[in-house]
Amino acid sequence: MSAAADAAPPPAAPAAPAGPNHGLRIFLLWLPLAVIADLVIWIVWGPHLPPGTMSSSAANQQFDIKVMAVLAAPVMIFVLTYFGYALIVWRQRDGDTEDGPALHGNSRVQASWITITSVIVLFLAVFGTVELKIANGAGAGEGPSPIWKPGGAPLQVQVIGQQWKFTYRYPQFGGFETTQLVLPEGQWVAFHVTSLDVIHSFWAYQLGVKADANPGVDNVAYTKPEHTGGFVVRCSELCGLWHGAMFDYGRVVSMSAFRTWAASTRVQLAAVTRILPPYATTYDPTVVPQINKAMAKAGIGGANGYYYPPQDPVQP
Amino acid sequence: MSLPVRIATLLVAFLAVVGGAVFILIHYLLGGPPVENFTAGVRPDTGAQVSVVMQEDPQNTVSTRPDWVSYFIKSPTTGAWVHTTLFTVPAGSRVNMTILGYDGCTPLRNPYWGRVTGTIGNVIRVNGKPTSLINSWSGCNVGHTFSIPALNVNVPMASPGLTATLCGTSPCTSGPHKVVTFSFMTPRHSGDYIWQCRVPCGGGFLDGFGGPMQTIGFMTGSMQVVA
């Protein structure tokens, strides 16, 4: 081999034509769509998201849903944009039988993806935890031992589940019991939810309140109605044959209207209030068996329906 | 396996499936208590009156569950007692109810339901005596209730006294009982209105609310309003 041949550089590979910057293209497509989607979610759709803004807790839940939707929309739009871009730009053309270009790792893309998604997930974890704990949050003012309580003296309303009707007691108004749920606007309310038989669940939809009604348990939920109007109450725990019919309607009225209603209802129901058991956070389910036993001792026959011990023969 | 055997096997399997479907259709979907019709000859929404007569018994000896408490409805056409809790009434009419309470007493789990609501005047008559509240915890005085939640109708059913020897064969035609009468107006539009008993009288069942309390034809049913 000659010296000249040794010194000659190798023939240069033909320069590949500079391709479009796909990343920039996708970004420029995604950015305006994501901004528009977030604005639509926050401004147009957000105020109509369930459960509305009838109470403090409902408004708080709506805010949480709006925040999560605003964060989720750009992610979903990015996936859809990338998907659409790939379908259009990288599709196999007619007569093209070659393999596509080899895939290579891109540390910048990978690091960006991991960083962004981690930040979003961690933010949502922190946000969700804080929102559960703060006032009006779903986890704060609810449960047998709420970790948060509103200041002042909230209106106490006991919700009593029984197959297949909710009744409501107002201990601060003489302990009357009624099938009507009436609440005052702008006043903190403490629901004390319990059951006399099976497990029910008190769901005041527009108030953003849902609490299980378990026999022997005082389940507490706080809310502050912010607007007057009607709301729906449903049982959200399958509780027997007529579970589907276990619903009614509540009302939020002005404070003065509430006081008038409570005072007149107290008088109207005075006779039945006198025969109710004294107000308690829960009611002993063995009261009826005790009465039945006393009657049985006296030789009184009857249907004798009551809480039966587990060894009792016929269980549903 | 030979061809005839395979065909026969397939045929048997096919017939078994069809037979099962027919059985489910007839026994569960189309079966059930009859509906007593109180609309014959009555124009809806005219304030006309219909009379419905029922009884509640300590047992139901004409059913496959003889130990279950049960309501019966008196047929408006034959006058016979029918084992059902389904009936039809005209819309916008006054229903005059007479219920014969043959069953013994059981306290209400919630004494609140001892209050009469939803009847005309919020009153019932027990053996002719006007009553608007019965305290079921104060003595042997309530057997069941007749309640239509959607119409806010709640009627505690008075029971025979302490020493009564209850009727033992259904439908009861004799024996100690209380006669409860009341009236209420039906809505002006059509609809199905469920009714139930609020005394936990499903003896032997968890919470007393199983068995007859959850079975149409015994202690719960439906009032169909026809416009």
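The rules behind each value
- Along every chain, residues carry numbers that run from 1 in the direction the sequence is written.
- Working convention: letters from A go to chains and numbers from 1 go to ligands, in the order in which they are written.
- Totals for whole chains, interfaces and linings use every residue, but because this is a predicted model, local features are given only for residues with pLDDT of at least 70 and side-chain atom pairs only at 80 or more, for both listing and counting.
- Each helix is a run of DSSP H or I of at least 4 residues and each strand a run of E of at least 2, with the numbering of both proceeding from the N terminus.
- Here the C-beta atoms are placed from the backbone, and a residue counts as buried if at least 20 other C-beta atoms lie within 10 Å of its own, exposed if 12 or fewer do, and partly exposed otherwise.
- Working definition of a contact: two residues with C-beta atoms, positioned from the backbone, lying within 7 Å.
- Each nonpolar core comprises buried Ala, Val, Leu, Ile, Met, Phe, Trp, Tyr and Cys residues, the members being joined through C-beta atoms within 7 Å.
- Boundary definitions for the domains trace back to an automatic or database domain assignment.
- Any residue outside Ala, Val, Leu, Ile, Met, Phe, Trp, Tyr, Cys, Pro, Asp, Glu, Lys and Arg is labelled polar, Gly included; the first ten of those are nonpolar and the last four are charged.
- Every helix has an expected span of 1.5 Å times one less than the residues it contains.
- For two strands to be treated as a pair, DSSP must find no fewer than two bridges joining them.
- pLDDT expresses how confident the predictor is about each individual residue, on a scale running from 0 to 100.
- Note on geometry: axes are C-alpha line fits, over the in-contact stretch for helices, and angles between N-to-C directions span 0 to 180 degrees.
- Small angles under 35 degrees read as roughly parallel and large ones over 145 as roughly antiparallel, with 65 to 115 read as roughly perpendicular and the rest as oblique.
- Should the near helix be turned anticlockwise from the far one by less than a right angle, the crossing is termed left-handed; should it be turned clockwise, right-handed.

1. A closer look at the overall build of chain A
Tallying secondary structure elements over chain A gives 7 helices and 11 strands in all. When each of the 316 residues of chain A is scored for burial, the buried share is 28%. By sequence separation, contacts in chain A at least 24 residues apart represent 68% of the contacts at least 6 residues apart.

2. A short note on the overall build of chain B
Assigned secondary structure in chain B consists of 1 helix and 13 strands. In chain B, the succession of α and β elements from N to C terminus is α-β-β-β-β-β-β-β-β-β-β-β-β-β. A burial count over chain B gives 44% of its 227 residues as buried. Residue pairs at least 24 apart in sequence account for 71% of intrachain contacts in chain B once pairs closer than 6 positions are excluded.

3. Describing the nonpolar core
Membership of the largest hydrophobic core comes to 77 residues, with the highest contact counts inside it found for Val159(A), Phe191(A), Phe202(A) and Val155(B). Not counting chain neighbours up to four residues away, the residues in contact with Phe191(A) comprise Val157(A), Val159(A), Phe202(A), Val209(A), Ala211(A), Val220(A) and Ala221(A).

4. Looking at the domain arrangement of chain A
Residue and element names in this part refer to chain A. Entries for chain A in the domain assignment read domain 1 (21-87 + 114-140) and domain 2 (144-275). Just the C-alpha atoms count here: the centres of domain 1 and domain 2 sit 34 Å apart. Counting residues at the interface gives 12 residues for domain 1, matched by 17 residues for domain 2. Each residue belonging to the side of domain 1 that touches domain 2 can be placed in one class, and the counts come to 6 nonpolar, 6 polar and no charged.

5. Focus on helix α5 (residues 255-268) of chain A
Along an α-helix, a turn takes 3.6 residues, which lines up residues three or four apart on a common side. When the terminal C-alpha atoms of α5(A) are compared, their 20 Å separation across 14 residues agrees well with the 20 Å that a helix rising 1.5 Å per residue should span. A small share of α5(A) lies buried, amounting to 1 of its 14 residues.

6. Looking at the sheet that holds strand β4 (residues 176-178) of chain A
Residues and elements named next belong to chain A. Taken together, the 6 strands give an open sheet; going across it, the order is β1-β9-β6-β2-β3-β4, and neighbouring strands pair in mixed fashion. Single-partner strands in this sheet number two, and they are β1 (142-143) and β4. Sheet topology note: the strand β6 (residues 189-195)/strand β9 (residues 219-223) ladder contains 5 bridges and is antiparallel. Residue Phe191 lies in a different strand from β9, and its bridge partner there is Ala221.

7. A word on the environment of Ile114(A)
Secondary-structure assignment places Ile114(A) in helix α4 (residues 107-133). Distance from Ile114(A) to Gly244(A), taken between C-alpha atoms, is 47 Å for residues 130 residues apart in sequence.

8. Description of the domain arrangement of chain B
What the domain assignment lists for chain B is domain 1 (1-31) and domain 2 (36-226). When each unit is reduced to the centre of its C-alpha atoms, the spacing between domain 1 of chain B and domain 2 of chain B is 42 Å.

9. Describing the confidence of the model for chain A
All names here are of chain A. On average, residues of chain A score 85 in pLDDT, and 82% of them reach the 70 mark or higher. Scored below 50 in pLDDT, residues 1-5 shows 1 contact in the model against residues more than four places distant or in partner chains. Residue range residues 300-316 is modelled with pLDDT below 50. Its contacts to residues more than four positions away, or to other chains, number 49 contacts.

10. Concerning the sheet that holds strand β3 (residues 70-74) of chain B
Where strands meet in a sheet, backbone hydrogen bonds hold them as pairs that are either parallel or antiparallel. Residues and elements named next belong to chain B. Read across the sheet, 7 strands follow the order β4-β3-β2-β6-β11-β7-β8 without closing on themselves; strand pairing throughout is mixed. Every other strand in the sheet has two partners, leaving β4 (81-82) and β8 (129-131) as the edge strands with one partner each. Two elements, strand β6 (residues 94-101) and strand β11 (residues 178-185), share 8 bridges in a ladder whose sense is antiparallel. Its bridge partner lying in β11, Ile99 is registered against Val180.

11. Focus: the packing of helix α2 (residues 22-45) of chain A against helix α3 (residues 56-89) of chain A
All names here are of chain A. Two numbers describe how α2 lies on α3: the axes approach to 9 Å, and their chain directions differ by 150°. Judged by the angle between their axes, α2 and α3 are roughly antiparallel. α2 and α3 meet at a crossing whose hand is right-handed. Side by side, α2 and α3 meet where Ile26, Leu29, Trp30, Leu33, Ala34, Ala37, Asp38, Ile41 and Trp42 of the first sit next to Lys66, Ala69, Val70, Ala73, Pro74, Ile77, Phe78, Thr81, Tyr82 and Tyr85 of the second. Across the contact of α2 with α3, the residue classes tally to 16 nonpolar, 1 polar and 2 charged.

12. Things to note about the packing of α3(A) against α4(A)
Residues and elements named next belong to chain A. Where α3 contacts α4, the axes come no closer than 12 Å and their chain directions differ by 180°. The angle between α3 and α4 falls in the class roughly antiparallel. Counted together, Asp64, Val67, Met68 and Leu71 of α3 and Ile120, Leu124, Phe127 and Glu131 of α4 form the full contact between these two elements. Tallied by class, the residues present in the contact of α3 with α4 amount to 6 nonpolar, no polar and 2 charged.

13. Points about the pairing of strand β10 (residues 153-158) of chain B
Residue and element names in this part refer to chain B. Along β10, 6 of the 6 residues are buried, which leaves the element largely enclosed by surrounding structure. With burial as the criterion, each face of β10 is covered, one bearing Val153, Val155 and Met157 and the other bearing Asn154, Pro156 and Ala158. Across 6 bridges, strand β9 (residues 142-148) lies against β10 in antiparallel orientation. Paired with Ser147 across the bridge in β10 is Asn154.

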